[in-house]
Amino acid sequence: MVTPKKSLLKVRVMDFITSTAILPLLFGCLGIFGLFRLLQWIRMKAYLRKAVVVITGATSGLGKECAKVFYAAGAKLVLCGRNGEALEELTRELTTSATKVQTHKPHTVTFDLADPGATVAAAAEILQCFGHVDILVNNAGISYRGAIMDTTLDVDKRVMETNYFGPVALTKALLPSMIRRRQGHVVAISSVQGKISVPFRSAYAASKHATQAFFDCLRAEMEQYEIEVTVISPGYIHTNLSLNAVTADGSRYGVMDKTTAQGRSPVEVAQDVLAAVGKKKKDVILADLLPSLAIYLRTLAPGLFFSLMASRARKERKAKNS
């Protein structure tokens, strides 16, 4: 039985600990955490300000929004894409926008990432803009919709050229200048489908799996030169990616998928990309709960994951035939 004296002593001891140790310690931890976040924010701003940032696929979707947030952060931009007029229009839009920091007029380089020869020539032109590249954002890409048995090999190659070989060629062309300076940051905008495979997206998923693997290897090999590599894997984003996707015969898909229509705003994703680059993160997943869980399910319970994907394939096939 607890005596009143012991009970009172226990209360006083708890009050003493709470008043003289726990609360100050708690506030101290919060203060240190707040200071850490502030220093991290200042460091990120300094890292991005006046950095030479190359963005491919800058004329629309996520690439365009990335151009806006990096420009607002004070970066020196080199905007790349296939449509020269669209690049110039984006440049005018950026230079007439209000910003809180000193900004720099972007340069533009027009080329087709799927053309290896054009990519090498474009790399030389990119280096002429500011003399070097600090951050390369490999964003340009093309999507795909179709059944494997109906898809021509030319379509598979086309998707791989744009999504994999193009970024690899541009990265390899710009790496020597980064290595000489022992400074640089290569960013690959991949996809959740670079970590899991979804039926009727074979060419796209394959290109993004290859992207993930290449840049993971690059990260390890570039560590000795102090060059950062970041792979960012977004989920569905509300852009025109599905509208411009190629189909099994190479024609334009032209449909806004429900998942794409319900995807995250490219404005929000661009802010996350900026933060990931500024914090020099290695590998980032920007997806909702279900896609994120699917990635872990693929590793921890592959049998269940494969069953779910087979079920999804059946449902999509049934919906298409109905």
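This text follows the structure it describes.
Criteria and cut-off values
- Residues numbered from 1 in each chain as written.
- Predicted model: local features only at pLDDT ≥ 70, side-chain atom pairs only at ≥ 80, totals over all residues.
- Heavy atoms only, no water.
- Helix = DSSP H or I, 4+ residues; strand = E, 2+ residues; numbered from the N terminus.
- Buried < 20%, exposed > 50% of the residue type's maximum accessible area, 1.4 Å probe, protein only.
- Contact = heavy atoms within 4.5 Å.
- Areas by Shrake-Rupley, 256 points an atom, 1.4 Å probe, with all protein chains shown as cover.
- Salt bridge = Lys/Arg side-chain N within 4 Å of Asp/Glu carboxyl O.
- Phe/Tyr/Trp six-rings, centres within 6.5 Å; stacked < 30°, edge-to-face > 60°.
- Patch = residues over 30% accessible without salt bridge, like charges linked within 9 Å, V, L, I, M, F, W, Y side chains within 5 Å.
- 1 Å grid on protein atoms, 1.4 Å probe; cavity = no way out; pocket = protein on both sides within 12 Å on 5 of 7 lines; lining within 4 Å.
- Points joined across faces, edges and corners; volume = space filled by probe spheres on them.
- Nonpolar A, V, L, I, M, F, W, Y, C, P; charged D, E, K, R; others polar.
- Core = buried A, V, L, I, M, F, W, Y, C linked by side-chain atoms within 4.5 Å.
- Pairing = 2+ DSSP bridges.
- Axes fitted to C-alpha atoms, helices over the stretch in contact; angles between N-to-C directions.

1. Looking at the overall build of the protein
In step 1: Per the secondary structure count, the protein includes 10 helices and 7 strands.
In step 2: With 322 residues in all, the protein has 41% of them scored as buried.
In step 3: Counted over contacts in the protein with a minimum sequence separation of 6, partners at least 24 positions apart contribute 72%.
In step 4: About 17,500 Å² of surface is accessible on the protein, with carbon and sulfur atoms providing 60% of the total.

2. Re the pattern of salt bridges
In step 1: In the structure shown here, the tally under the stated rule is 13 salt bridges.
In step 2: Linking K68 and E65 is a salt bridge whose minimum nitrogen-to-oxygen distance equals 3.6 Å. Here K68 and its partner E65 are both found in helix α2 (residues 61-72), 3 residues apart, which amounts to about one turn of the helix.
In step 3: The class for E65 is buried, based on a relative accessible area of 14%.
In step 4: A salt bridge links D216 to R219, with the nearest nitrogen and oxygen atoms 3.0 Å apart. Of this pair, D216 and R219 are both found in helix α6 (residues 202-222), 3 residues apart, which corresponds to roughly one turn of the helix.

3. Quick word on the packing of aromatic side chains
In step 1: A complete count under the given rule lists 4 aromatic pairs for this structure.
In step 2: Summarising the aromatic geometry, the rings of Y164 and F165 are spaced 4.9 Å apart at their centres and angled 70° between planes, so their arrangement reads as edge-to-face.
In step 3: On the numbers, 5.0 Å between centres and 85° between planes, the contact of F214 with F215 is edge-to-face. Neither residue differs from the other here; F214 and F215 are each classed as buried.
In step 4: Through successive ring pairs, a cluster of aromatic residues spans Y164, F165, F214 and F215.

4. Comments concerning a nonpolar patch on the surface
In step 1: Together, L289, L290 and L293 make up a nonpolar patch on the protein surface, roughly 350 Å² of accessible area in all.
In step 2: Among the secondary structure elements, L289 is positioned in helix α9 (residues 289-300).
In step 3: Classification of L289 by relative accessible area gives exposed; the value is 61%.

5. Examining empty space enclosed by the protein
In step 1: Here the structure, examined in full by the defined rule, presents 1 cavity of 30 Å³ or more.
In step 2: Estimated volume of the largest cavity: approximately 40 Å³.
In step 3: The set of elements that each furnish at least two residues to the lining of the largest cavity consists of α5 (153-181), β5 (185-189) and α6.
In step 4: Element by element, the count of residues in the lining of the largest cavity is highest for α6, at 3 residues.

6. Focus on the layout of surface pockets
In step 1: Quantified by volume, the second largest pocket comes out at close to 490 Å³.
In step 2: Contributing to the lining of the second largest pocket are 18 residues, with F200, R201, Y253, E316 and K320 lying nearest its centre.
In step 3: Those elements that provide at least two residues to the lining of the second largest pocket are α7 (258-261) and α10 (302-321).
In step 4: Classifying every residue of the lining of the second largest pocket by side-chain character gives 5 nonpolar, 4 polar and 9 charged.

7. Considering the nonpolar core
In step 1: With 32 residues, the main nonpolar core has V53, I55, F70, L77 and V273 as its most contacted residues.
In step 2: Elements supplying a minimum of two residues to this core: β1 (52-55), α2, β2 (76-81), α3 (84-95), β4 (135-138), β5, α8 (266-278) and β7 (283-286).
In step 3: Not counting the four nearest positions on each side in its chain, F70 is found in contact with L48, V53, I55, A75, L77, V273, L274 and V277.
In step 4: Formed by 31 residues, the second largest nonpolar core is a distinct cluster that contains V54, C80, V133 and A140.

8. Description of the side chain of T162
In step 1: Considering the arrangement of structural elements, one finds T162 in helix α5.
In step 2: Its relative accessible area of 15% is what places T162 among the buried residues.
In step 3: In contact with T162, not counting residues within four places along its chain, are L113, A114, A140, G141, I142 and P167.

9. Some remarks on the sheet that holds β5
In step 1: If you walk across this open sheet you meet the 7 strands as β3-β2-β1-β4-β5-β6-β7, and the pairing is parallel. Edge positions in the sheet fall to β3 (107-110) and β7, since each has one partner strand and no second. Averaged over all pairs of adjacent strands, the angle between their axes in this sheet comes to 15°, without regard to strand direction.
In step 2: Pairing of β5 with strand β6 (residues 228-234), which is carried by 5 bridges, proceeds in the parallel orientation. Looking at β6, one finds that V186 is bridged to V229.
In step 3: Sheet strands touched by α2: β1, β2 and β5. Its angle to β1, the strand with the most contacts, is close to 170°.

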